[in-house]
Amino acid sequence: MMRASERYEVAVVGAGIAGLAVARELFRKGRSVVVFEARDRVGGRLWSRRLTSTGQRVDAGATWYWPGEHRVARLVDELAVATHDQFIAGDATYHDRPHAQRIQGNPIDVPSYRFTNGAESLAAAVAAQLPSDVVRLGALVHEVEVRGERLLVRYGDPTAGVHEVEADHVAIALPPALAVHRIGFDPGLPDRLRSIAAATPVWMGSTTKVIVHFSEPFWRAQGLSGSGISHIGPMRELHDMSGPDGEPAVLIGFAPNRSSAEPVNEHEVRAQLIEMFGAAANDPIDIIITDWSAQPDTSPPGVEALHRYETYGHAVWQIAGMGGRLHWTSTETSPEAPGHIEGALAAAERTVAVIVGSPPM
(Lines give C-alpha, C1' and ligand atoms only; values in the text may rest on other atoms or scores of the structure.)
Protein backbone atom coordinates (compact mmCIF):
# COMPACT_ATOMS: atom_id res chain seq x y z
CA MET A 1 0.00 0.00 0.00
CA MET A 2 1.34 3.46 -0.95
CA ARG A 3 0.80 6.27 1.50
CA ALA A 4 0.42 9.93 0.62
CA SER A 5 3.74 11.72 0.31
CA GLU A 6 5.10 14.43 2.60
CA ARG A 7 7.19 17.36 1.41
CA TYR A 8 10.51 18.62 2.75
CA GLU A 9 13.21 20.87 1.44
CA VAL A 10 15.89 18.24 2.13
CA ALA A 11 15.80 14.47 2.70
CA VAL A 12 18.94 12.83 4.09
CA VAL A 13 19.60 9.12 3.62
CA GLY A 14 21.71 7.81 6.49
CA ALA A 15 22.02 8.97 10.11
CA GLY A 16 25.75 8.53 10.46
CA ILE A 17 27.77 11.56 11.48
CA ALA A 18 27.72 13.00 7.93
CA GLY A 19 23.95 12.77 7.56
CA LEU A 20 23.33 14.11 11.06
CA ALA A 21 25.70 17.03 10.49
CA VAL A 22 23.86 17.95 7.27
CA ALA A 23 20.50 17.80 9.03
CA ARG A 24 21.68 19.83 12.02
CA GLU A 25 23.16 22.63 9.95
CA LEU A 26 20.19 22.85 7.59
CA PHE A 27 17.76 22.85 10.52
CA ARG A 28 19.72 25.70 12.09
CA LYS A 29 19.36 27.57 8.81
CA GLY A 30 15.59 27.15 8.91
CA ARG A 31 15.29 24.43 6.28
CA SER A 32 12.76 21.62 6.62
CA VAL A 33 14.67 18.33 6.74
CA VAL A 34 14.06 14.65 7.38
CA VAL A 35 16.65 11.88 7.94
CA PHE A 36 16.08 8.21 7.07
CA GLU A 37 18.13 5.55 8.87
CA ALA A 38 17.74 1.82 8.23
CA ARG A 39 19.21 0.87 11.61
CA ASP A 40 17.55 1.19 14.99
CA ARG A 41 20.21 3.69 16.14
CA VAL A 42 22.04 6.77 14.93
CA GLY A 43 25.78 6.93 14.31
CA GLY A 44 26.39 4.51 11.44
CA ARG A 45 30.05 3.53 11.69
CA LEU A 46 30.30 5.54 14.91
CA TRP A 47 29.12 2.49 16.84
CA SER A 48 30.13 2.12 20.49
CA ARG A 49 29.26 -1.33 21.78
CA ARG A 50 28.57 -2.02 25.45
CA LEU A 51 30.90 -4.19 27.47
CA THR A 52 28.71 -6.98 28.78
CA SER A 53 30.22 -6.88 32.27
CA THR A 54 30.11 -3.13 32.94
CA GLY A 55 27.87 -1.51 30.35
CA GLN A 56 30.64 0.92 29.39
CA ARG A 57 30.96 1.74 25.71
CA VAL A 58 33.94 0.90 23.50
CA ASP A 59 34.22 1.71 19.82
CA ALA A 60 33.56 -1.07 17.34
CA GLY A 61 33.95 1.37 14.46
CA ALA A 62 35.37 4.88 14.12
CA THR A 63 37.57 5.68 17.10
CA TRP A 64 40.04 8.53 16.77
CA TYR A 65 40.43 12.05 15.57
CA TRP A 66 43.77 13.80 15.13
CA PRO A 67 45.41 17.20 15.67
CA GLY A 68 44.51 19.54 12.82
CA GLU A 69 41.08 17.99 12.23
CA HIS A 70 39.36 21.24 13.11
CA ARG A 71 35.80 20.28 12.18
CA VAL A 72 35.71 17.45 14.70
CA ALA A 73 37.45 19.53 17.34
CA ARG A 74 35.02 22.40 16.87
CA LEU A 75 32.01 20.09 17.13
CA VAL A 76 33.41 18.38 20.23
CA ASP A 77 33.92 21.74 21.92
CA GLU A 78 30.53 23.11 20.91
CA LEU A 79 28.62 20.06 22.13
CA ALA A 80 30.83 19.46 25.20
CA VAL A 81 31.52 15.84 24.21
CA ALA A 82 33.98 14.19 26.61
CA THR A 83 37.33 13.21 25.07
CA HIS A 84 40.77 12.12 26.23
CA ASP A 85 44.21 11.53 24.73
CA GLN A 86 45.06 8.21 23.15
CA PHE A 87 47.52 6.28 25.36
CA ILE A 88 50.75 5.82 23.41
CA ALA A 89 53.47 5.58 26.11
CA GLY A 90 55.72 2.53 26.23
CA ASP A 91 57.11 0.00 23.80
CA ALA A 92 55.35 -1.67 20.90
CA THR A 93 55.15 -5.36 19.98
CA TYR A 94 56.02 -7.02 16.67
CA HIS A 95 54.41 -10.41 16.10
CA ASP A 96 55.88 -12.90 13.63
CA ARG A 97 57.47 -16.33 13.63
CA PRO A 98 59.21 -17.72 15.58
CA HIS A 99 57.98 -15.42 18.38
CA ALA A 100 56.81 -11.93 19.24
CA GLN A 101 59.41 -9.22 19.80
CA ARG A 102 59.43 -6.07 21.85
CA ILE A 103 60.23 -2.90 19.91
CA GLN A 104 61.76 -0.02 21.83
CA GLY A 105 59.42 2.95 21.68
CA ASN A 106 56.12 3.14 19.84
CA PRO A 107 56.52 3.73 16.10
CA ILE A 108 52.91 2.68 15.48
CA ASP A 109 50.85 5.37 17.21
CA VAL A 110 50.81 9.13 16.90
CA PRO A 111 49.12 11.62 19.25
CA SER A 112 45.37 11.49 18.78
CA TYR A 113 42.14 11.88 20.68
CA ARG A 114 39.38 9.51 21.73
CA PHE A 115 35.78 9.90 22.76
CA THR A 116 35.51 8.99 26.42
CA ASN A 117 32.01 7.55 26.06
CA GLY A 118 32.63 6.19 22.59
CA ALA A 119 32.47 7.91 19.21
CA GLU A 120 28.74 7.23 19.11
CA SER A 121 28.42 9.89 21.84
CA LEU A 122 29.34 12.51 19.21
CA ALA A 123 26.58 11.31 16.87
CA ALA A 124 24.09 11.19 19.74
CA ALA A 125 24.97 14.75 20.75
CA VAL A 126 24.36 15.99 17.19
CA ALA A 127 21.08 14.06 16.92
CA ALA A 128 19.94 15.54 20.24
CA GLN A 129 19.97 18.98 18.64
CA LEU A 130 17.29 17.94 16.15
CA PRO A 131 13.56 17.74 16.84
CA SER A 132 12.53 14.20 17.74
CA ASP A 133 10.57 13.70 14.52
CA VAL A 134 13.44 14.57 12.15
CA VAL A 135 15.34 11.26 12.36
CA ARG A 136 13.32 8.19 11.36
CA LEU A 137 14.90 4.93 12.49
CA GLY A 138 14.14 1.62 10.83
CA ALA A 139 13.43 3.51 7.60
CA LEU A 140 15.11 1.73 4.68
CA VAL A 141 15.25 3.90 1.55
CA HIS A 142 14.97 1.88 -1.63
CA GLU A 143 14.21 4.40 -4.39
CA VAL A 144 14.92 8.01 -5.40
CA GLU A 145 12.96 9.22 -8.41
CA VAL A 146 12.76 12.54 -10.22
CA ARG A 147 9.24 13.90 -10.06
CA GLY A 148 8.93 17.20 -11.86
CA GLU A 149 11.02 19.80 -10.05
CA ARG A 150 11.49 17.61 -6.98
CA LEU A 151 12.82 14.23 -5.96
CA LEU A 152 10.64 11.45 -4.62
CA VAL A 153 12.11 9.25 -1.87
CA ARG A 154 10.45 5.91 -1.22
CA TYR A 155 11.19 4.02 1.97
CA GLY A 156 9.75 1.28 4.14
CA ASP A 157 8.82 -2.35 3.72
CA PRO A 158 6.84 -3.01 0.52
CA THR A 159 4.88 -5.75 2.31
CA ALA A 160 3.94 -3.52 5.27
CA GLY A 161 3.49 -0.19 3.55
CA VAL A 162 5.68 2.05 1.41
CA HIS A 163 6.07 5.71 2.36
CA GLU A 164 6.89 8.60 0.04
CA VAL A 165 8.57 11.91 0.72
CA GLU A 166 9.08 14.69 -1.81
CA ALA A 167 12.18 16.84 -1.39
CA ASP A 168 13.94 19.63 -3.25
CA HIS A 169 17.28 17.97 -2.43
CA VAL A 170 18.43 14.51 -1.33
CA ALA A 171 21.74 13.93 0.47
CA ILE A 172 23.06 10.37 0.18
CA ALA A 173 25.06 9.92 3.39
CA LEU A 174 25.82 6.24 2.70
CA PRO A 175 28.99 4.70 1.28
CA PRO A 176 28.58 5.00 -2.52
CA ALA A 177 28.92 1.24 -3.07
CA LEU A 178 26.10 0.59 -0.62
CA ALA A 179 23.94 3.34 -2.11
CA VAL A 180 24.05 1.98 -5.66
CA HIS A 181 23.51 -1.57 -4.39
CA ARG A 182 20.51 -0.72 -2.25
CA ILE A 183 18.79 2.28 -3.86
CA GLY A 184 17.12 2.42 -7.24
CA PHE A 185 17.51 5.74 -9.06
CA ASP A 186 15.04 6.89 -11.71
CA PRO A 187 16.31 8.01 -14.12
CA GLY A 188 19.35 5.82 -13.66
CA LEU A 189 22.68 7.26 -12.60
CA PRO A 190 25.25 7.93 -15.34
CA ASP A 191 27.17 4.77 -16.18
CA ARG A 192 30.54 6.26 -15.19
CA LEU A 193 29.31 7.43 -11.81
CA ARG A 194 27.61 4.12 -11.07
CA SER A 195 30.75 2.22 -12.04
CA ILE A 196 32.93 4.36 -9.79
CA ALA A 197 30.43 4.09 -6.93
CA ALA A 198 30.26 0.30 -7.18
CA ALA A 199 34.07 0.09 -7.08
CA THR A 200 34.59 2.49 -4.17
CA PRO A 201 35.73 0.71 -0.98
CA VAL A 202 33.64 1.11 2.15
CA TRP A 203 35.78 2.48 4.95
CA MET A 204 35.88 -0.27 7.65
CA GLY A 205 33.76 -2.43 5.35
CA SER A 206 36.36 -5.15 4.86
CA THR A 207 37.57 -5.13 8.48
CA THR A 208 36.75 -7.07 11.60
CA LYS A 209 37.36 -5.13 14.81
CA VAL A 210 38.03 -7.06 18.01
CA ILE A 211 37.46 -5.55 21.47
CA VAL A 212 39.11 -7.38 24.40
CA HIS A 213 38.29 -6.23 27.93
CA PHE A 214 40.56 -7.06 30.87
CA SER A 215 40.33 -6.37 34.59
CA GLU A 216 43.40 -4.09 34.38
CA PRO A 217 45.76 -2.74 31.70
CA PHE A 218 48.50 -5.22 32.63
CA TRP A 219 50.59 -4.33 29.57
CA ARG A 220 51.19 -0.84 30.92
CA ALA A 221 52.81 -2.28 34.04
CA GLN A 222 55.19 -4.10 31.68
CA GLY A 223 56.12 -0.81 29.98
CA LEU A 224 54.15 -1.70 26.86
CA SER A 225 51.92 0.70 24.94
CA GLY A 226 49.48 -2.02 23.92
CA SER A 227 50.26 -1.26 20.28
CA GLY A 228 51.37 -4.04 18.01
CA ILE A 229 51.78 -5.19 14.44
CA SER A 230 51.31 -8.82 13.45
CA HIS A 231 52.09 -10.63 10.21
CA ILE A 232 50.43 -13.87 11.29
CA GLY A 233 47.21 -12.56 12.83
CA PRO A 234 44.35 -12.86 12.85
CA MET A 235 44.61 -9.30 14.20
CA ARG A 236 47.20 -7.41 12.16
CA GLU A 237 47.16 -4.13 14.12
CA LEU A 238 46.52 -3.61 17.84
CA HIS A 239 46.10 -0.61 20.14
CA ASP A 240 45.34 0.29 23.73
CA MET A 241 41.67 1.29 23.73
CA SER A 242 41.34 1.83 27.47
CA GLY A 243 39.39 4.67 28.99
CA PRO A 244 40.93 7.51 30.99
CA ASP A 245 43.41 6.25 33.59
CA GLY A 246 43.17 2.77 32.11
CA GLU A 247 39.54 2.06 33.01
CA PRO A 248 38.01 0.12 31.38
CA ALA A 249 41.17 -1.76 30.37
CA VAL A 250 40.78 -2.67 26.71
CA LEU A 251 42.92 -3.80 23.81
CA ILE A 252 41.51 -3.65 20.30
CA GLY A 253 42.66 -5.32 17.14
CA PHE A 254 41.90 -4.97 13.44
CA ALA A 255 41.64 -8.14 11.37
CA PRO A 256 41.26 -8.21 7.59
CA ASN A 257 38.13 -10.14 6.71
CA ARG A 258 38.38 -13.71 5.59
CA SER A 259 35.67 -15.88 4.09
CA SER A 260 32.36 -16.01 5.91
CA ALA A 261 33.01 -19.70 6.48
CA GLU A 262 36.11 -18.83 8.53
CA PRO A 263 35.32 -15.80 10.71
CA VAL A 264 37.64 -14.54 13.42
CA ASN A 265 36.93 -16.43 16.64
CA GLU A 266 37.62 -15.92 20.33
CA HIS A 267 40.01 -18.89 20.59
CA GLU A 268 42.48 -17.53 18.06
CA VAL A 269 42.15 -14.02 19.52
CA ARG A 270 43.18 -15.35 22.93
CA ALA A 271 46.04 -17.35 21.45
CA GLN A 272 47.43 -14.34 19.60
CA LEU A 273 47.23 -12.06 22.63
CA ILE A 274 49.06 -14.62 24.78
CA GLU A 275 51.82 -14.84 22.16
CA MET A 276 52.14 -11.06 22.02
CA PHE A 277 51.57 -10.04 25.65
CA GLY A 278 52.17 -13.14 27.74
CA ALA A 279 50.11 -15.25 30.12
CA ALA A 280 48.38 -12.20 31.62
CA ALA A 281 46.35 -11.97 28.41
CA ASN A 282 44.81 -15.39 29.03
CA ASP A 283 41.89 -14.19 31.14
CA PRO A 284 39.85 -11.51 29.38
CA ILE A 285 36.49 -10.48 30.78
CA ASP A 286 34.84 -9.78 27.41
CA ILE A 287 35.70 -10.39 23.77
CA ILE A 288 33.45 -8.57 21.30
CA ILE A 289 33.99 -9.26 17.59
CA THR A 290 32.44 -6.96 14.98
CA ASP A 291 32.66 -8.00 11.33
CA TRP A 292 31.78 -4.89 9.34
CA SER A 293 31.33 -6.86 6.12
CA ALA A 294 28.38 -8.56 7.83
CA GLN A 295 26.68 -5.24 8.60
CA PRO A 296 24.19 -4.89 5.71
CA ASP A 297 23.46 -1.24 6.52
CA THR A 298 27.15 -0.43 6.00
CA SER A 299 28.55 -2.90 3.49
CA PRO A 300 27.16 -4.33 0.23
CA PRO A 301 27.83 -7.97 -0.70
CA GLY A 302 31.38 -8.50 -1.92
CA VAL A 303 32.77 -5.50 -0.04
CA GLU A 304 36.05 -7.37 0.58
CA ALA A 305 36.83 -7.18 -3.15
CA LEU A 306 36.71 -3.37 -3.28
CA HIS A 307 40.26 -1.96 -3.29
CA ARG A 308 40.18 1.17 -5.49
CA TYR A 309 40.95 3.70 -2.78
CA GLU A 310 41.86 6.25 -5.45
CA THR A 311 38.10 6.73 -5.88
CA TYR A 312 37.95 8.39 -2.45
CA GLY A 313 37.25 12.09 -2.91
CA HIS A 314 36.77 11.55 -6.66
CA ALA A 315 35.59 14.48 -8.75
CA VAL A 316 32.27 12.74 -9.49
CA TRP A 317 31.26 13.07 -5.83
CA GLN A 318 31.74 16.83 -5.88
CA ILE A 319 29.01 17.36 -8.49
CA ALA A 320 25.35 17.22 -7.49
CA GLY A 321 23.35 14.91 -9.75
CA MET A 322 19.72 14.81 -10.85
CA GLY A 323 19.72 18.42 -11.90
CA GLY A 324 21.81 19.60 -8.94
CA ARG A 325 19.53 17.94 -6.37
CA LEU A 326 21.31 14.67 -5.46
CA HIS A 327 24.35 15.08 -3.18
CA TRP A 328 27.01 12.50 -2.25
CA THR A 329 27.81 13.02 1.41
CA SER A 330 29.68 10.09 2.99
CA THR A 331 33.28 10.22 4.23
CA GLU A 332 34.41 8.29 1.12
CA THR A 333 33.35 11.24 -1.07
CA SER A 334 35.52 13.83 0.68
CA PRO A 335 38.85 14.89 -0.86
CA GLU A 336 39.90 15.90 2.67
CA ALA A 337 40.48 13.17 5.29
CA PRO A 338 38.40 10.49 3.52
CA GLY A 339 37.58 7.64 5.87
CA HIS A 340 37.89 9.84 8.95
CA ILE A 341 35.14 11.50 10.95
CA GLU A 342 36.71 14.74 9.71
CA GLY A 343 36.10 13.60 6.13
CA ALA A 344 32.45 12.90 6.89
CA LEU A 345 32.06 16.39 8.34
CA ALA A 346 33.85 17.92 5.34
CA ALA A 347 31.45 16.12 2.98
CA ALA A 348 28.51 17.37 5.05
CA GLU A 349 29.88 20.91 4.92
CA ARG A 350 30.13 20.74 1.13
CA THR A 351 26.59 19.40 0.79
CA VAL A 352 25.12 22.12 3.00
CA ALA A 353 26.98 24.83 1.08
CA VAL A 354 25.64 23.58 -2.27
CA ILE A 355 22.07 23.23 -1.01
CA VAL A 356 22.01 26.63 0.66
CA GLY A 357 23.55 28.22 -2.42
CA SER A 358 21.12 26.59 -4.84
CA PRO A 359 18.24 28.60 -6.27
CA PRO A 360 14.79 27.66 -4.96
CA MET A 361 13.12 24.80 -6.83
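Definitions and cut-offs
Residues numbered from 1 in each chain as written. Predicted model: local features only at pLDDT ≥ 70, side-chain atom pairs only at ≥ 80, totals over all residues. Heavy atoms only, no water. Salt bridge = Lys/Arg side-chain N within 4 Å of Asp/Glu carboxyl O. Helix = DSSP H or I, 4+ residues; strand = E, 2+ residues; numbered from the N terminus. Buried < 20%, exposed > 50% of the residue type's maximum accessible area, 1.4 Å probe, protein only. Axes fitted to C-alpha atoms, helices over the stretch in contact; angles between N-to-C directions. Parallel < 35°, antiparallel > 145°, perpendicular 65-115°, else oblique. Contact = heavy atoms within 4.5 Å. Nonpolar A, V, L, I, M, F, W, Y, C, P; charged D, E, K, R; others polar. 1 Å grid on protein atoms, 1.4 Å probe; cavity = no way out; pocket = protein on both sides within 12 Å on 5 of 7 lines; lining within 4 Å. Points joined across faces, edges and corners; volume = space filled by probe spheres on them.

Asks: It is not clear to me how the pattern of salt bridges should be interpreted in this structure. Could you clarify?
Replies: If the charged atoms of two oppositely charged side chains come close together, the side chains can form a pair. All told, the structure shown has 22 salt bridges when counted by the stated rule. For Asp 91, the salt bridge identified is with Arg 102, shortest N-O distance 2.8 Å. Of the two residues, Asp 91 sits in strand β7 (residues 91-95) while Arg 102 sits in strand β8 (residues 100-103), which places them eleven residues apart along the sequence. When its relative accessible area of 17% is taken as the criterion, Asp 91 is described as buried.

Asks: Looking at this model, I keep getting lost on the packing of helix α2 (residues 70-79) against helix α8 (residues 341-357). Mind explaining?
Replies: Helices that pack against each other are described as a pair by the angle of their axes relative to one another and the distance between those axes. Their axes nearest at 8 Å, the elements α2 and α8 cross at an angle of 90 degrees. Our classification of the angle between α2 and α8 gives roughly perpendicular. Here His 70, Arg 71, Val 72, Arg 74 and Leu 75 of α2 come into contact with α8, specifically with Ile 341, Glu 342, Leu 345, Ala 346 and Glu 349. Residues belonging to the contact of α2 with α8 are distributed by class as follows: five nonpolar, one polar and four charged.

Asks: Help me understand the layout of surface pockets, please; the structure alone is not making it clear to me.
Replies: Empty space among the atoms can be located by rolling a probe the size of a water molecule over them. The space that makes up the largest pocket amounts to roughly 640 Å³. Looking at the largest pocket, it is lined by 29 residues, and the ones nearest its centre are Trp 64, Trp 203, Met 204, Glu 237 and Phe 254. At the level of elements, β15 (207-214), β17 (237-240) and β18 (249-256) are the ones that each hand at least two residues to the lining of the largest pocket. Here the lining of the largest pocket gets three residues from one element, more than from any other, and that element is β18. Split by residue class, the lining of the largest pocket holds 13 nonpolar, eleven polar and five charged. Arg 24, Glu 25, Arg 74, Leu 75 and Glu 349 are, among the 13 residues lining the second largest pocket, the residues nearest its centre. Every element with two or more residues in the lining of the second largest pocket is listed here: α1 (17-28), α2 and α8. For the lining of the second largest pocket, the element with the most residues is α1, which contributes five residues. Its residues placed into classes, the lining of the second largest pocket shows six nonpolar, no polar and seven charged.

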